[in-house]
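Architecture and fold: a report
Residue strings, one per chain:
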Amino acid sequence: MSDAIEILKSCDAFLEGHFLLSSGRHSGAYCQMAYLQQYPEKCAEVMKPVAEAVKKLDVDVIVGPAMGGIVYAYELGRQTGKRAIFTERVENVMALKRFAIHPGEKCLIAEDVVTTGVSSLETKRVIEQAGGVCVGICCVVDRTKADAPSPIPIVASALKLDLPNYAPEECPICKAGKLPLVHLGSRKMAQKAKQTL
Ligand SMILES: [Zn+2]
């Protein structure tokens, strides 16, 4: 487990500092999983335990919702020998645009980060509409809270992280006054955050 977090840190997929989230809340850590995908070997290493778990499951197809899930579905397909496909948004609705799921096929959803699991419900709907059976989610980072489990069971993850976030007026990092607040909206800001660390 600790290996995975070190790999994520090494490519800035996991940042520590003082971050403004899109919700307006503050956090001491930030996940940007696309950064892991820059390095296929690191990606493969992080996904190894997930692939080992998936090999033991009765799964026919790994389904990665675009964009975040595509590379991880592919990597799991590569490591397990199972078929990997992706769903994508067509006019803002998740759809199976270019692949087939055959009736009765057992499908595992692959995500980068699962926070609530609610967004995976769209992919589950697509799988079921095609006649497939959704057997669960696997992901790189499981950020679900114990008191709010994912509506679709998470059957394997590389890393489980409990990252607290705070209302600005209650933020302990603001109170400590040592780290400037960073909004990671662009590549430039990501670079800036790195320099700040
Ligand atoms: Zn703060």
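All figures in this text were calculated on a predicted structure; none of them were measured in a lab.

It is worth spelling out the pattern of salt bridges at this point. Under the counting rule described, the total for this entry stands at 11 salt bridges. As a salt-bridge pair, Glu 16 and Lys 9 come within 3.4 Å of each other at their nearest N and O atoms. On the basis of relative accessible area, Lys 9 is assigned to the partly exposed category, the value being 29%. Where salt bridges share partners, they join Glu 6, Lys 9 and Glu 16 into one cluster.

A word on helix α2 (residues 40–55). Residues spaced three or four apart along an α-helix face the same direction, because each turn holds 3.6 residues. Remark: the principal bend of α2, roughly 45°, maps to Lys 48, with a proline, Pro 49, within the next four residues. Turning to α2, its buried residues are Cys 43, Ala 44, Val 46, Met 47, Val 50, Ala 51 and Val 54.

A few words now on the nonpolar core. Core analysis: the biggest nonpolar cluster contains 32 residues, and Leu 8, Met 33, Leu 36 and Val 140 have the highest contact counts within it. Contributions of two or more residues to this core are made by α1 (2–10), β2 (26–31), α2, α3 (70–80), β6 (106–114), β7 (133–142) and β8 (154–160). By residue number, the principal contributor to this core is α2, which donates six residues. Ranked by size, the runner-up nonpolar core spans 12 residues in total, among them Val 63, Ile 85, Ile 101 and Ile 127.

Along the chain, Ala 66 connects to Met 67 via a cis peptide bond; the corresponding omega equals -10°. Among the structural elements, Met 67 can be located in the loop between β3 (61–65) and α3. Notably, Asp 12 is not glycine yet its phi reads approximately 65°, a positive angle. Among the secondary structure elements, Asp 12 is positioned in the loop between α1 and β1 (14–20). On the basis of relative accessibility, which here comes to 14%, the residue Asp 12 falls in the buried class. Positive phi outside glycine occurs at Asn 92, with the angle close to 70°. Relative to the elements of secondary structure, Asn 92 occurs in the loop between β4 (83–90) and β5 (93–95). With relative accessibility at 62%, the residue Asn 92 sits in the exposed group.

A separate point is the sheet that holds β3. With mixed pairing, six strands are arranged side by side in an open sheet as β5-β4-β3-β6-β7-β8. Bordering the open sheet on either side are β5 and β8, each of which pairs with just one other strand. For this sheet, the mean inter-axis angle between neighbouring strands, taken without regard to orientation, is 25°. Two elements, β3 and β4, share five bridges in a ladder whose sense is parallel. Note that in β4 the partner of Val 61 across the bridge is Arg 83. Along the sheet face, α3 touches β3, β4, β6 and β7 and points at about 160° away from the line of β3.

Criteria and thresholds
- Note on numbering: residues in each chain are counted from 1, in written sequence order.
- Totals for whole chains, interfaces and linings use every residue, but because this is a predicted model, local features are given only for residues with pLDDT of at least 70 and side-chain atom pairs only at 80 or more, for both listing and counting.
- The side-chain quantities take in all heavy atoms of the structure and omit both hydrogens and water.
- What makes a salt bridge here is a side-chain nitrogen of Lys or Arg within 4 Å of a carboxyl oxygen of Asp or Glu, nothing more.
- For every residue, the accessible area (1.4 Å probe, protein chains only) is compared with the maximum for its type, and the residue is labelled buried under 20%, exposed over 50%, or partly exposed between those bounds.
- Two axes are fitted around each residue, one to the seven residues ending there and one to the seven starting there, and the angle between them is reported as the bend at that residue.
- Counting from the N terminus, the helices are DSSP H or I runs at least four residues long and the strands are E runs at least two residues long.
- For our purposes a nonpolar core is just a set of buried Ala, Val, Leu, Ile, Met, Phe, Trp, Tyr and Cys residues, chained together by side-chain atoms within 4.5 Å.
- Paired strands are those between which DSSP finds at least two bridges.
- For helices, the axis comes from a line fit to the C-alpha atoms of the stretch in contact; other axes are also lines fit to C-alpha atoms, and the angle between any two N-to-C directions lies between 0 and 180 degrees.
- Should any heavy atoms of two residues lie within 4.5 Å, those residues are considered in contact.

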